[in-house]
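Results of the structural survey
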Amino acid sequence: MAKDFKGTDDAELFSRIKIDDYMQSAVIECYETLKYILVELLSDPGEKLIIDQIGDKVSTSIQAQSFLTDFRMSGMPLLNDKLEKFLNLLLDDFENTVVQEAQIINVLQDIMEIITQDVMTHGHGILENSHSPHMDNRSDKKEQKFERININLVYNESWREKVVRLHLLLTVKESAINVPMNLEARRRITFFTNSLFMRMPYAPKVRNMLSFSVLTPYFKEDVLYSDEELNRENEDGISILFYLQNIYPDEWTNFEERIEDPKLVSVSKDKKELIREWVSYRGQTLYRTVRGMMYYRQALELQCFLEDAGDRAIFSGYRAEKKGTDHLQALADMKFTYVVSCQIYGVQKKSSQDRDRSCYNNILNLMLRYHSLRVAYIDEREEKVNGKPEKFYYSVLVKGGEKLDEEVYRIKLPGPPTEIGEGKPENQNHAIIFTRGEALQTIDMNQDNYLEEAFKMRNVLEEFVKRRRKQRKPTILGLREHIFTGSVSSLAWFMSNQETSFVTIGQRILANPLRVRFHYGHPDIFDRIFHLTRGGISKASKTINLSEDIFSGFNSTLRQGYITHHEYIQVGKGRDVGMNQISLFEAKVANGNGEQTLSRDVYRLGRRFDFYRMLSFYFTTVGFYFSSMVTVLTVYVFLYGRLYMVLSGLERSILDEPNIHSSKAALEEALATQSVFQLGLLLVLPMVMEIGLERGFRTALGHFIIMQLQLASVFFTFQLGTKAHYFGRTILHGGSKYRATGRGFVVFHAKYADNYRLYSRSHFVKGLELLILLIVYEVYGESYRSSKLYFFVTFSMWFLVASWLFAPFVFNPSGFEWQKTVDDWTDWKRWMGNRGGIGIQPEKSWESWWDGEQEHLKHTNIRGRVLEIVLAFRFFLYQYGIVYHLDISHHVTSFLVYGLSWVVMATVLVVLKMVSMGRRRFGTDFQLMFRILKGLLFLGFISVMTVLFVVCGLTVSDLFAAVLAFMPTGWALLLIGQAFRPLFGRIGLWESIKELGRAYEYVMGLIIFMPIVVLSWFPFVSEFQARLLFNQAFSRGLQISMILHGRKDTISS
């Protein structure tokens, strides 16, 4: 900027510099740092005086507004090049110090010559007037100025850091707004600096702060990825390592530079081990969580050092001074404890399976690396009592020794805790006794922490001392989360935005003014003493406490606790990133909310809250899921009401009324207005508000538009069905269960059979039912109703049907590639044809899956069975209404027509039963007999159809109408048969029910699969889908198509 400036006015030059605050700060920092480095490097006082005089000249010129007169800007490029060379020499490692010193002196003399001769107008006068006394006594005229330097400074870490900083400022050419280049680093720095301006308590000294513990439950998730897992290729030829190298290219480049630098890499670690750690730190692994939580101890040691050290120690650098300061580590250990509750660590230790042994060794390595880490586990032992062997259970705490773990404590338990209650809460409950201090932070295994945030832990803990309304102290401190898994796919971005809005603006409002914030499984900090004396932090009753996290918040509030929320500190958290993972998570949460609705805790809170707080509590917990269920039920009630009106002729008579006919236009306009709001756009309003508050409303509007273009409305409408289905099923039948979602890297193709198993009952069946309702409503009302009115009334419902039927395939990577579509169809047919049985997994056989889908009916009560049957009766309405509209009925309204329709239905079922029995009895041994039977049935069918067409007046439209009438009836009979399974099993009809169910599954699977086949014929559909799913990655120039198709380069290990 300076060299290109052609004017002579100082004010104009400095105004250009000050336009960008970052630029102004960088210029000032470069000037002051260079001056400091030169003064410290030079040994001669006279030469230091020259540097000071040059600095004085700069200050005087700026004040007198004669800077451009006293300094020539044309010499700045040459000076910049010499400075860059000078700094590189200071940072380089020379084996020969004499050579390094000589080169530094030569470049330093060139720099001073450029400054005094080329840049300064009167610089030679400074050199002539600045001779030191011993300079005048130099006898050798070859000895010049700036030859005496303190070369030992290049080994001073603190001084070298300043050189590195100046080198970065001079060499990095990017705009200040793009520094650092890594988006994650930029986000962390931005949040940290912004948080320093938020209101937070003053931090006490480390020795005076509250002590705290961190507790993480672990079962058998990934600890550290193995070499085999890193390089194992999926069906597309993509490995985890290749995937991450393309997703995080800049971080991989930096990692390669680090491992080539011997000063930055431990000699004890080989390259493969470092790569394993690099990958694991980017996944949702225990290694990442432990590393993040141990930042607390590192931050406490540094803060303790800064409190006790003098100025000289501080300026010499923490790394240089911390050796030998054992009291720093001792004080940090007094204030911080980290316990990982590895439930089956003892089993893994004794196991011979490769994965268990790998997990054990990796956990042991963590304890050996972090000496303050403690691992708790449940140990099962067999001991003899009165000569008889009995099993005993212990809670055991171990720590890392020299090479193996060492037992610290062992506490006898009354029984196996994880069999009595839910696994995760009991895993926390048995280990909580090993924690220490006044505060306890609960951290899940998919969370992370940052060093800069760990520095603020002292401030957060002071919130426990700070009194609030009615002199009450908090019992739970809620913290903000950052979702670190939202950077690749659109689904991950949707979930990240949704979760971010909930953990920020949502919980902010819940805590104040609504005062109904609870504990949601986030990195909250508990008043440990308060909760240990009032029931603990995890209620663990089987089934009812499936969502154990929120019950600890219920318990704290019921016992007069006070819960707050704080956003000046954040903790990282991973979320599910694939469609199926997200749906499993939503199903688990919906099940948990169903159990909450039935719990005593919610009843007691509702009874004790005041009216306004009770409403806030309702709408922010179970009310949200209840409202989702009511929304879906409203669609059903509306369409079944319309079905009755159109089949009974009531709608036609209403629209034919003169008064209604004249106001039809106004009615259509009103329906058009409300149909817009039915799109579900209001669900994204909290996200828009949060992004607007943090990053500006223009950015929020842009995000909103991009989300709609990426079909966010389709995704959230689909998840609405997930919430409604699982919440409603839990209310009706109970029996919710934990659903493992998996925390891997999900950018692979899910097979059609997998999607069908997961969404058949929750979405596909309901979507097809609504589809039939909409078709019947359209067909039988088309003659008298305007198409515009039908569109306005049913537009949002068609959108709902399309979302429920096809969202899993739209958001399925490579969902419309022809070869994968063919493979999916082959796999689905094989799965449908396989027989089930004891030990056959649902993934292998349709029969095993079908039995598993009825698990809730095995444990339900009589009320649940009756309601299931009553709800199934709605399918009989189709047959009752449609048969009177058939041409063959000749407009006869007698009940006899409906009775004859049941005769037809029974005949069809009998024929299907005969075919099934014939296949089973004659299909193998008497094939000729079976073929004769099928031939006779076919001839009989042709004869009957001929008579019906010729004599009775049956038409082709009647055949399609009969399908719409009788298919729902058969489904109703199937549902009733499932509800009465014990009865049908005793009378021998259960196999017939199963075959009927298989037939319906074939029909539904074919109907849903046909559009996928059609779209797979067009290659551009697959390309469009890839762009839709991975727009975030495309915007960063990543090779997503390369990842999806497996066109990868050879990667050297």
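These numbers were taken from a predicted model, which means no experiment stands behind them.

Reading the values: the criteria
- Residues numbered from 1 in each chain as written.
- Predicted model: local features only at pLDDT ≥ 70, side-chain atom pairs only at ≥ 80, totals over all residues.
- Heavy atoms only, no water.
- Pairing = 2+ DSSP bridges.
- Helix = DSSP H or I, 4+ residues; strand = E, 2+ residues; numbered from the N terminus.
- Contact = heavy atoms within 4.5 Å.
- Axes fitted to C-alpha atoms, helices over the stretch in contact; angles between N-to-C directions.
- Expected span 1.5 Å × (residues − 1).
- Buried < 20%, exposed > 50% of the residue type's maximum accessible area, 1.4 Å probe, protein only.
- Arc of directions from axis to C-beta.
- Disulfide = S-S within 2.5 Å.
- Patch = residues over 30% accessible without salt bridge, like charges linked within 9 Å, V, L, I, M, F, W, Y side chains within 5 Å.
- Areas by Shrake-Rupley, 256 points an atom, 1.4 Å probe, with all protein chains shown as cover.
- Salt bridge = Lys/Arg side-chain N within 4 Å of Asp/Glu carboxyl O.
- Lys, Arg positive; Asp, Glu negative; His and termini not counted.
- Charge placed at Lys NZ, Arg CZ, Asp CG, Glu CD.
- Core = buried A, V, L, I, M, F, W, Y, C linked by side-chain atoms within 4.5 Å.
- Phe/Tyr/Trp six-rings, centres within 6.5 Å; stacked < 30°, edge-to-face > 60°.
- Lys NZ or Arg CZ within 6 Å of the ring centre and 35° of its normal.

1. Some thoughts on the sheet that holds strand β9 (residues 525-527)
With mixed pairing, the ten strands of this open sheet are ordered in space as β5-β4-β3-β2-β1-β6-β9-β8-β10-β7. Pairing within the sheet leaves two strands with one partner each, and these edge strands are β5 (405-413) and β7 (447-448). Sheet topology note: the strand β8 (residues 476-483)/strand β10 (residues 563-573) ladder contains eight bridges and is parallel. Within β10, the residue paired with Glu-481 across the bridge is Val-571. Each of β1 (212-218) and β2 (336-342) touches helix α18 (residues 326-335); the most contacted strand, β2, lies at about 60° to it.

2. Digging into helix α2 (residues 21-41)
Here α2 contains 21 residues, and its C-alpha end-to-end distance of 30 Å stays within 8% of the 30 Å for a straight helix at 1.5 Å per residue. Looking only at α2, the buried set comprises Cys-30, Thr-33, Leu-34, Ile-37, Leu-38 and Leu-41. The arc that holds the buried residues of α2, viewed along the axis, is 125°, so those residues lie on one side. Those residues of α2 that are buried lie in contact with α3 (45-63), α5 (76-91), α6 (97-119) and α8 (157-171).

3. A look at the state of the cysteines
This model, assessed by the stated rule, comprises zero disulfides. Cys-342 supplies the cysteine sulfur nearest to Cys-359, a cysteine that is in no disulfide, at a spacing of 9.4 Å. By relative accessible area, which is 4% here, Cys-359 ends up buried.

4. Looking at a positive patch on the surface
A cluster of like positive charges, contributed by Arg-600, Arg-604, Arg-607 and Arg-608, occupies part of the molecular surface. Residue placement: Arg-608 occurs in helix α29 (residues 600-608).

5. Some points on the pattern of salt bridges
Under the definition given, this model contains 48 salt bridges. Linking Glu-499 and Arg-575 is a salt bridge whose minimum nitrogen-to-oxygen distance equals 2.8 Å. Taken as a pair, Glu-499 in helix α25 (residues 490-511) and Arg-575 in the loop between β10 and α28 (579-597) lie far apart in primary sequence, 76 residues in all. Side by side, Glu-499 and Arg-575 carry an identical accessibility label, which is buried. Glu-817 is paired through a salt bridge with Lys-820; the nearest N and O atoms lie 3.9 Å apart. The two residues Glu-817 and Lys-820 agree in class, both being buried. Within the structure, one salt-bridge network assembled from shared partners comprises Lys-350, Asp-379, Arg-381, Glu-407 and Arg-410.

6. What to know about the nonpolar core
Within the largest apolar cluster, 95 residues are counted, with the highest numbers of intra-cluster contacts made by Phe-494, Phe-715, Leu-770, Phe-811 and Ile-882. Of the residues forming this core, the biggest block, 13 residues, is contributed by helix α38 (residues 752-779). With sequence-adjacent residues up to four places away left out, Leu-770 is seen in contact with Val-635, Tyr-636, Leu-639, Leu-800, Val-801 and Trp-804. The next biggest cluster of nonpolar side chains, apart from the first, holds 56 residues, and it includes Val-223, Cys-304, Leu-331 and Leu-479.

7. Describing a nonpolar patch on the surface
Nonpolar side chains collect at one region of the surface, where Val-947, Phe-949, Val-950, Val-951, Val-956, Leu-959 and Phe-960 lie side by side and expose about 690 Å² of accessible area between them. When contributions to the nonpolar patch are tallied by element, the ones reaching two or more residues are α46 (927-952) and α47 (956-979). When residues in the nonpolar patch are grouped by element, the largest group, four residues, is from α46. If you trace the backbone, Val-950 turns up in helix α46.

8. Considerations on the packing of aromatic side chains
For the structure shown, the criterion picks out 54 aromatic pairs. Through a chain of ring-to-ring contacts, three or more aromatic side chains come together here, namely Phe-718, Tyr-752, Tyr-756, Tyr-759, Phe-764, Phe-809, Trp-825, Trp-828, Trp-831, Trp-849, Tyr-1002 and Phe-1009. Sitting over the face of the ring of Phe-484, Arg-288 holds its NZ or CZ atom 3.7 Å from the ring centroid. If you follow Arg-757 out to its NZ or CZ, it ends over the ring of Trp-831, 5.2 Å from the centre.

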